[in-house]
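Here is what each chain is made of, one letter per residue.
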Amino acid sequence: MDVKTRLPELAQARYGLELSQCSDSQLYHCLLQLTQELASARPAPSGDRKLYYFSAEFLIGKLLSNNLLALGIYDEVNAILTECGRALSAIEDVEPEPSLGNGGLGRLAACFLDSIAALGLNGDGVGLNYHYGLFEQKFQHNKQTERPNPWIEDESWLIPTGVEFEVPFGFGPVKAKLFDIAVPGAHTATAGRLHLFDVEAPAPAPQEGIDFNKSDLPARLTSFLYPDDSNEAGRLLRVYQQYFMVSAGAQLVLKELEERGCALNTLSDHVVIQINDTHPSMVIPELVRLLTGRGLSMDEAVEQVSKTCAYTNHTILAEALEKWPLSFIEKAAPQLTPILRELDRRAKAAHTDPKVAVIQGEEGKEIVHMAHLDIHYSRSVNGVAALHTEILKNSELKPFYDIYPAKFNNKTNGVTLRRWLEVCNPQLASLLDECVGRGWRRDPDQLNKLMEFAGDSAVLDRMLAIKAEKKRELADVFAREQGITLDPESVFDIQVKRLHEYKRQQMNALYVIHKYLEIKGGKTPQRPVTVLFGAKAAPAYVMAKHIIHLILCLRKLIESDPQARPWLHVAMVENYNVTWAERVIPACDISEQISLASKEASGTGNMKFMANGAVTLGTLDGANVEIAELVGPDNIYTFGAKSDEVIRMYAGEGEKKGADGRSYLPLDHYHRPAVERLVDFLVSPELLGVGDPAALATLWRDMKNKDWFMAMLDVEDYIAARDRAIADYGDRTAWAKKMLVNTAKSGYFSSDRTIAQYDRDIWQLK
Ligand SMILES: *Cc1c(COP(=O)(O)O)cnc(C)c1O
């Protein structure tokens, strides 16, 4: 199909207009149709074995630019639009961002789909078609509020397939309708699919906020991702959702297997199911149920399923490892209970250690440990960064590693540099083309060749100029969309990611307080700094919401202080999502990756920032460790306790032990003078004057007495490291060299590399 003829044809057919007469919205819809036509004309990749990537989230972001790039028509479309005086970026503003994900895990799934397609691997995603997403975040009175985030329009990327399955819930059968989103592969002529299941009659958006009747089933099954689980009805709804996804997904797998003419007892020869975190774990008993229902013996079914499934662990936070009361599953899908009991019986017969049981607890109060189910009945268990996998093997999942050493493997996460460099930073991408040739776009390792330019002042100046341009672009968007003025001449110091105590936005806020108090004490900073945050807090996560409140109050206080304002700015992106990430990340000077060591499994934000020439300020946690090894100590700022020290403190090893079992005693740290004044500022008259006293006092008490993620342990070291980074920023040439090294070394973090490793070690699709 010739784009040059087809696009004007579409404008005529749809609107009776020339391209140049179309509104941005009309142009968007022409391009949507064009892209859909081209993508659906592409065949699926070939291959005898097929991967199904099951995930509760796919944080795919807007698709237009990415699909144009993958289809190889990005430059051509851009040229046609420019010719009629239009900009792709303005047209893209019309596209709603799909709300199918939450944070890093969902974004990883999206990068993986992109890479699977780009490598021409035979693999599809399987998930749910949430209508209102997680939620849309609004700030009111310096607090987060939530509202539904509808994104599905009459014309969208969703393709109805006509495929339907019946999901047998305890209350009766529910029809699951399949919609597909095409995933065209860059550098191939094939396309994969994201399969999203939906109910037949989805409920409308709630009238106010995101509260709704959790037992309004089946209409509410696909309303929201992660409905509030602070009460039983919400938790039960999550089980219903998960079963809806995996039952329909398992039926799709078996349907396609049969269509390929393969016998059920050869499932594992032809299918791999990657279970992304524990949300899809019920696919294991569901497949066993379907296979035995279709004639396989229990032994055969268990063997096939165990050889078909593979599990990715994403967390070592105990509270984040899902455990469901057996009674919930009994209610949602009673037919799974006997299968789960049988799987548990087999595991207990083989392994007497109660720590590895699938079902734990006394009768009537039994809980199902989803990760344990996954590990016993999978062919592979992987962590998502080298450090994370070591922690799984040596502490969190040690009893399992002792049983199944060969199952455990590491797959360090990656990001698609197509979205996170080529599309979001075309200026840097073309500089890279000039320096190292275009080959890096297909083979990101070639970015290493950029190292040859580390002493080239012309290239370094270009890097600085591009960064300055991206900072101005971001300032423009902020002014336009949030009415906030940013100073592009200041250092952009950025922490954008989900709000969680382990990620320690609160420690970043303590730094802001430190700077503010310094300025008020008469000490002028080296240079103006903008501290930018972006984060959604889970609606029921009280402490996380208090931290957002703290940040917004600090902003208000500082903005209204003429002494501080020239030097210090605090701003927070409202409704941080992929679209915002694509604007914020290329504009970053200092990338804040400050999680408590051992708690962040990998992080992928850190990789996106690095590729765009930001310098990381981080703890030796997750993939930061690998970033540090690659760029070397001169090109990263690391600080804080190491993961083994932290793990020992949680285990209570050391001289003193607190009531909560840790040998970390928050009050000891609080009472250091340099720390106490920062923490106490939370309840200072200045801050109480702008904020909610109850919320700030709760935060203050928690930090002082509990500080579960040890912000006070690292805060002094953090302040020193951050001040060093901000000082070093002043030597522009030396800083540009750090930027260049970060970009040059980021090829390793391409998700194409990650996916090639999954295929080599786990999937073997070709
Ligand atoms: C990459 C990304 C994340 C993950 O960020 P981390 O810093 O790795 O937690 C979350 N949200 C969005 C929108 C992203 O693009």
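Residues numbered from 1 in each chain as written. Predicted model: local features only at pLDDT ≥ 70, side-chain atom pairs only at ≥ 80, totals over all residues. Heavy atoms only, no water.

### A word on the site of the ligand
Under the convention used in this document: When at least one non-hydrogen atom of a residue lies within 4 Å of a molecule or strand, that residue is treated as near it. Pairs of N or O atoms within 3.5 Å make up the polar contacts considered here, provided that, within protein, one atom can donate a hydrogen while the other can accept it, and that residues adjacent in sequence are counted only when both atoms are side-chain atoms. Areas reported as accessible are Shrake-Rupley estimates using a 1.4 Å probe. Residue values count occlusion only from the protein chains shown. Helix numbering and strand numbering both begin at the N terminus, where a helix is a DSSP run of H or I of at least 4 residues and a strand a DSSP run of E of at least 2. Only Asp, Glu, Lys and Arg are considered charged, only Ala, Val, Leu, Ile, Met, Phe, Trp, Tyr, Cys and Pro nonpolar, and every remaining residue, Gly among them, polar.
In the vicinity of the ligand there are 15 residues, among which Lys 497, Lys 503, Thr 604, Gly 605 and Lys 608 approach most closely. Lys 497 is positioned with one of its side-chain polar atoms (N or O) 2.7 Å from an oxygen atom of the ligand. Lys 503 is positioned with one of its side-chain polar atoms (N or O) 2.7 Å from an oxygen atom of the ligand. Across the complex, the protein chains shield 96% of the 390 Å² of accessible surface that the ligand would expose by itself. Sorting the residues of the shell around the ligand by element identifies helix H6 (104-118), helix H21 (578-584) and helix H22 (605-611) as the ones contributing at least two each. Classifying every residue of the shell around the ligand gives five nonpolar, six polar and four charged.

### Examining unusual backbone geometry
Phi is mostly negative for residues that are not glycine, and the peptide bonds are mostly trans. As a reminder of what qualifies: Accessible area is worked out with a 1.4 Å probe on protein chains only. A residue is then buried under 20% of its type maximum, exposed over 50%, and partly exposed in between.
Of the consecutive residues Leu 217 and Pro 218, the connecting peptide bond is found in the cis state with omega at 5°. Even without being a glycine, Asp 277 presents a positive backbone phi close to 65°. Tracing the backbone shows Asp 277 in the loop between strand E8 (271-276) and helix H9 (283-293). Judged by its relative accessible area of 7%, Asp 277 falls in the buried class.

### Observations concerning the sheet that holds strand E10 (residues 323-325)
Basically, it comes down to this: At least two DSSP bridges between two strands are needed for those strands to be called paired.
Pairing is antiparallel across the open sheet formed by three strands, whose spatial order is E10-E12-E11. Two strands close off the open sheet at either side, each with one partner strand: E10 and strand E11 (359-360). Alignment of E10 against strand E12 (residues 367-369), held across three bridges, turns out to be antiparallel. Across the sheet, Pro 325 pairs through a bridge with Ile 367, a residue of E12.

### Notes on the environment of Ile 116
Mapping Ile 116 onto the fold places it in helix H6. For the pair Ile 116 and Pro 184, spaced 68 residues apart in sequence, the C-alpha to C-alpha distance is 9.8 Å.

### Observations concerning the packing of aromatic side chains
Test applied: In summary, the pairing rule links any two rings of Phe, Tyr or Trp, Trp by its six-membered ring, whose centres are within 6.5 Å, and it sorts them by plane angle into stacked for under 30 degrees, edge-to-face for over 60 and tilted for everything else. Two thresholds decide whether a charge sits over a ring: the Lys NZ or Arg CZ must be within 6 Å of the ring centre and within 35 degrees of the ring normal.
For the structure on display, the rule yields 21 aromatic pairs. Considering the side-chain rings of Phe 212 and Phe 224, the 5.4 Å spacing of their centres and the 15° angle between planes classify their relative orientation as stacked. Here the residue Phe 212 occupies a position in the loop between strand E7 (191-199) and helix H7 (232-259), and Phe 224 occupies one in the loop between E7 and H7, the gap between them amounting to twelve residues. Clustering of aromatic rings is evident, with ring pairs tying together Phe 169, Phe 171, Tyr 240, Tyr 243 and Phe 244. Across from the ring centre of Phe 212, 4.5 Å away, lies the NZ or CZ of Lys 214, which sits over that ring. Lying over the aromatic face of Tyr 748, Arg 753 brings its terminal NZ or CZ to 4.0 Å of the ring centre.

### Re the sheet that holds strand E6 (residues 172-184)
Rules: Orientation is described by lines fitted to C-alpha atoms, with helices fitted over the stretch in contact, and by angles between N-to-C directions that extend from 0 to 180 degrees.
Strands sit in the order E5-E6-E7-E2-E1-E8-E9-E13-E14 across an open sheet of nine strands; the sheet is mixed. Lying at the two open borders of the sheet, with one neighbouring strand each, are strand E5 (159-169) and strand E14 (408-410). Each strand of the sheet is rotated relative to its neighbour by a mean of 25°, with strand direction disregarded. Relative to E7, strand E2 (residues 123-128) runs parallel, the two sharing four bridges. Bridge pairing in E7 links Val 126 to His 195.

### A few points about the environment of Leu 71
Filter applied, for reference: The criterion used for residue contact is that any of the two residues' heavy atoms lie within 4.5 Å.
Looking at the element boundaries, Leu 71 is found in the loop between helix H3 (64-70) and helix H4 (74-83). The class for Leu 71 is buried, based on a relative accessible area of 13%. Taking C-alpha positions, Leu 71 is 8.6 Å from Thr 188, a pair spaced 117 residues apart along the chain. The contacts of Leu 71, once residues within four sequence positions are left out, are Thr 35, Leu 38, Ala 39, Arg 42 and Pro 184.

### What to know about the pairing of E5
Note that E5 and E6 share eight bridges and pair antiparallel. Across the sheet, residue Pro 168 finds its bridge partner in E6, namely Pro 173. Connecting the antiparallel pair E5 and E6 is a turn made up of two residues.

### Examining the layout of surface pockets
Put simply, the test is: Residues are said to line a cavity or pocket when one of their atoms sits within 4 Å of a point; the points come from a 1 Å grid over protein atoms alone, cavities being sets where a 1.4 Å probe fits but cannot get out and pockets being open sets with protein on both sides within 12 Å along at least five of seven lines. Grid points are joined across faces, edges and corners, and a volume is the space filled by probe spheres set on the points.
Considered as a void within the structure, the second largest pocket measures approximately 1,100 Å³ in volume. Lining the second largest pocket are 38 residues; nearest its centre among them are Tyr 74, Glu 92, Val 423, Cys 424 and Pro 426. Of all the elements in the fold, those that place two or more residues in the lining of the second largest pocket are H3, H4, helix H5 (88-92), helix H16 (417-423), helix H17 (426-436), helix H18 (457-482) and H21. The leading source of residues in the lining of the second largest pocket is H18, at six residues.

### Description of the pairing of strand E1 (residues 50-54)
Counting buried positions over the five residues of E1 gives five, a clear majority of the element. Residues of E1 alternate between two faces, with Lys 50, Tyr 52 and Phe 54 on one and Leu 51 and Tyr 53 on the opposite face, all of them buried. Where E1 meets E8, five bridges bridge the pair, whose relative direction is parallel. Among the inter-strand pairings, Leu 51 is bridged to a residue of E8, identified as Val 272. Inspection of the sheet shows E1 paired to E2 by four bridges, in the parallel sense. For Tyr 52, the partnering residue across the bridge sits in E2 and is Asp 124.

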